[in-house]
Amino acid sequence: MTDLVESWQGHRLLLQAGKTLVREVRSLTFSNPVTHVYNPLEYAWNSHAAYVRRFAASTCRVVMLGMNPGPWGMSQTGIPFGEVAAVRDWMGIEERVDQPDREHPKRPVAGFACQRSEVSGRRLWGLFAEKFGAPENFFKLHLVLNHCPLVFMEASGRNRTPDKLPAAEAAPLMRACDRHLRRVVEILQPEYVVGVGAYAEQRARDALEGMELTFSRILHPSPASPAANRDWAGTATKQLIEAGIWEE
């Protein structure tokens, strides 16, 4: 696999933006029922940096935005929707992953040794691999990001999404994430921002208000969604074609 040209200044700027986001969310606190918070941009920074350097391109036309990391995807690899096999075998990224400060016993971080597969990530990256073949073909015009870098877990190990946080706790987090997203879009200068799910689309519209962008969304690939379990790839492809982003 050949890396994209690493001399593009945008790589440095994107990594700086990521480091700023890490600093801004590090001091935030969250109350019950949240008992554990992971930030893969800290303990899996090596993977994130490799992803940015290898695949963020100055020709990016489409930013696809997810909500936040899943326990068996980005939580393990540091890559959005980062199902281990997709990241390791298709993208060719496999870096050392450290441990979160406080690990939940039911949500261990094994990095690239994780044996669990994140269905959402397998569906998302599987579609892109099928349509574009080599990852360079996809990433020449696309980049996949998450709005929020944090993973929230309850005592039971249950995942708690950012939209379920109390307003007082969510507000400073959303401000930091919105600033980061605006900075990323300023660097990449895409034409389209696609929310992976309705929540991500709305966050993008709010954060990027006033910027000359076209917004749309695709169905979230989560297996918790009955609609996603009925030919998710076909539905997402149709939505991207209807939005004028992909051709038939």
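Before any of the text, the structure's been laid out above.
Residues numbered from 1 in each chain as written. Predicted model: local features only at pLDDT ≥ 70, side-chain atom pairs only at ≥ 80, totals over all residues. Heavy atoms only, no water.

## Considering the sheet that holds strand E5 (residues 192-196)
Step number 1: A sheet is described by the order of its strands in space; here 4 strands give the open sequence E3-E2-E5-E6, paired in parallel fashion. Here the strands that pair on one side only, and so sit at the sheet edges, are strand E3 (142-146) and strand E6 (214-218). Strand after strand, the sheet turns through a mean of 25° between neighbouring axes, direction not considered.
Step number 2: Relative to E6, helix H10 (residues 232-242) is tilted by about 165°, and along the sheet it contacts strand E2 (62-66), E5 and E6. (Pairing = 2+ DSSP bridges. Helix = DSSP H or I, 4+ residues; strand = E, 2+ residues; numbered from the N terminus. Axes fitted to C-alpha atoms, helices over the stretch in contact; angles between N-to-C directions. Contact = heavy atoms within 4.5 Å.)

## Quick look at the nonpolar core
Step number 1: With 65 residues, the main nonpolar core has Tyr-51, Met-91, Trp-125 and Phe-128 as its most contacted residues.
Step number 2: The dominant element in this core, judged by the number of residues it contributes, is helix H3 (residues 45-55), at 6 residues.
Step number 3: If you look at the next biggest cluster of nonpolar residues, it comprises 16 residues, including Leu-150, Phe-152, Met-174 and Ala-176. (Core = buried A, V, L, I, M, F, W, Y, C linked by side-chain atoms within 4.5 Å. Buried < 20%, exposed > 50% of the residue type's maximum accessible area, 1.4 Å probe, protein only.)

## Quick notes on the pairing of E3
Step number 1: In terms of burial, E3 is a largely internal element, 5 of the 5 residues being buried.
Step number 2: Where burial is concerned, the two faces of E3 agree: the one with His-142, Val-144 and Asn-146 and the one with Leu-143 and Leu-145 are both buried.
Step number 3: Relative to E3, E2 is paired through 5 bridges, and the arrangement is parallel. Opposite Met-64, over in E3, you have Val-144 as the bridge partner.

## Some points on the environment of Trp-246
Step number 1: Tracing the backbone shows Trp-246 in the segment after H10.
Step number 2: Judged by relative accessible area, which is 6%, Trp-246 ranks as buried.
Step number 3: Setting aside chain neighbours within four positions, we find Trp-246 in contact with Leu-127, Phe-128, Lys-131, Phe-132, His-142, Thr-237, Leu-240 and Ile-241.
Step number 4: For Trp-246, the side chain forms a polar contact with the side chain of His-142, separated by 3.0 Å. (Polar contact = N/O pair within 3.5 Å; in protein donor to acceptor, adjacent residues only side chain to side chain.)

## What to know about the packing of aromatic side chains
Step number 1: Per the stated rule, a full pass over the model turns up 15 aromatic pairs.
Step number 2: The interplanar angle of 70° and the centroid separation of 5.5 Å between the aromatic rings of Phe-132 and Trp-246 together place this pair among those described as edge-to-face. With a gap of 114 residues between them, Phe-132 in helix H6 (residues 119-132) and Trp-246 in the segment after H10 connect regions that are remote in the sequence. This pair shows no difference in class: Phe-132 is buried, exactly as Trp-246 is.
Step number 3: Aromatic ring contacts, followed pair by pair, group Tyr-51, Phe-55, Trp-90, Trp-125, Phe-128, Phe-132, Phe-138, Phe-139 and Trp-246 into a single cluster.
Step number 4: The ring of Trp-45 has Lys-19 sitting right over it, with the charged end atom 4.2 Å from the ring centre. (Phe/Tyr/Trp six-rings, centres within 6.5 Å; stacked < 30°, edge-to-face > 60°. Lys NZ or Arg CZ within 6 Å of the ring centre and 35° of its normal.)

## Here we look at the environment of Ser-156
Step number 1: If you trace the backbone, Ser-156 turns up in the loop between strand E4 (151-154) and helix H8 (167-188).
Step number 2: A residue is classified by how much of its surface remains accessible, and Ser-156, at 44% relative accessible area, is partly exposed.
Step number 3: On a C-alpha basis, the gap between Ser-156 and Val-34 in space is 9.8 Å, while along the polypeptide they are 122 residues apart.
Step number 4: If near-sequence neighbours (up to four positions away) are discounted, Ser-156 is found in contact with His-104 and Lys-106.

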